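# Secondary and tertiary structure notes
Here is how the chains run, residue by residue.
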Amino acid sequence: MAEPLLVVDAANVVGSRPDGWWRDRAGATARLRDRLAPIARDGLPGLAPPVEVVLVVEGAARRVAPAEEVRVVAAAGSGDDAVVGLVAAEAAGRRCVVVTADRGLRDRVTALGAEVRGPRWLTPPAEPGTGN
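The paragraphs below set out a description of the structure included in this document. (Residues numbered from 1 in each chain as written. Predicted model: local features only at pLDDT ≥ 70, side-chain atom pairs only at ≥ 80, totals over all residues. Heavy atoms only, no water.)

## So, the nonpolar core
Counting residues in hydrophobic clusters, the biggest one holds 26 residues, and the most contacted among them are Leu-6, Val-8, Leu-36, Leu-55 and Leu-122. Put simply, the parts of the chain that give this core at least two residues each are β1 (5–9), α1 (10–15), α2 (25–42), β2 (52–57), β3 (70–74) and β4 (96–99). Of the residues forming this core, the biggest block, 7 residues, is contributed by α2. Once you skip the residues sitting within four places of it in the chain, Leu-55 turns out to touch Val-8, Ala-10, Thr-29, Leu-32, Arg-33, Leu-36, Val-70, Arg-71, Val-72 and Val-73. Residues Leu-86, Ala-91, Cys-96 and Ala-114 belong to the second largest nonpolar core, which totals 17 residues. (Core = buried A, V, L, I, M, F, W, Y, C linked by side-chain atoms within 4.5 Å. Buried < 20%, exposed > 50% of the residue type's maximum accessible area, 1.4 Å probe, protein only. Helix = DSSP H or I, 4+ residues; strand = E, 2+ residues; numbered from the N terminus. Contact = heavy atoms within 4.5 Å.)

## A short note on the sheet that holds strand β5 (residues 115–117)
Judged by pairing direction, the sheet is parallel, and its 5 strands sit side by side in the order β3-β2-β1-β4-β5 without closing on themselves. The sheet is open, and its two edges are formed by β3 and β5, each paired on a single side. Taking each pair of neighbouring strands and ignoring which way they run, the sheet shows an average axis angle of 25°. Pairing of β4 with β5 involves 3 bridges; the strand directions are parallel. Within β5, the position partnered with Val-99 by the bridge is Arg-117. Across the sheet, α2 is in contact with β1, β2 and β3; its angle to β2 comes to roughly 165°. Of the strands in this sheet, β1, β4 and β5 are in contact with helix α4 (residues 103–110), which crosses β5 at around 155°. (Pairing = 2+ DSSP bridges. Axes fitted to C-alpha atoms, helices over the stretch in contact; angles between N-to-C directions.)

## Side note on the pairing of β4
Of the two faces of β4, the one holding Cys-96 and Val-98 and the one holding Val-97 and Val-99 are both buried throughout. Pairing of β1 with β4 involves 4 bridges; the strand directions are parallel. Note on β4: the bridge partner recorded for Val-7 is Val-98. Each parallel crossover has a hand, and the one from β4 via α4 to β5 is right-handed. (Right-handed = clockwise from strand over helix to strand, strands pointing away.)

## A closer look at the pattern of salt bridges
The tally for this structure, following the rule as stated, stands at 10 salt bridges. The shortest N-O distance in the salt bridge between Asp-42 and Arg-41 comes to 3.9 Å. We note a salt bridge from Asp-81 to Arg-108, for which the minimum N-O separation is 2.9 Å. Placement of the pair is Asp-81 in helix α3 (residues 79–90) and Arg-108 in helix α4, with a sequence separation of 27 residues. The exposure class assigned to Arg-108 is partly exposed, which follows from its relative accessible area of 36%. A cluster of three or more residues bridged by salt bridges with shared partners is formed by Glu-52, Arg-71, Glu-90 and Arg-94. (Salt bridge = Lys/Arg side-chain N within 4 Å of Asp/Glu carboxyl O.)

Function cannot be inferred from these measures alone, as they are strictly geometric.
Structure representation (structure tokens):
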């Protein structure tokens, strides 16, 4: 069976944590990418490894480079459209989980057979005053 596909809506996940991300969107996205890397080999509760991890970026975060364990897809336009296109093109025949809190995006990807989880499933809430 093919490894599961985890698609992360970077703007939505980064924006879900009030840790100052708005001062450096690309830096916050790079930190998210780095937190995602272990998931490829370790999985998540209910998502057994190995996992193909894809981070979809847009806007100021488009310059974030991929990491060895995280593929970064820079959206040419809307990040939501890029997530939907990725699910449509790559999720056939394997489990696909999209991480976002965007209701419209949730509807679009579940119509394609993807599962959806909210940002807190992926990253625990920041501790006050730590930025973590």
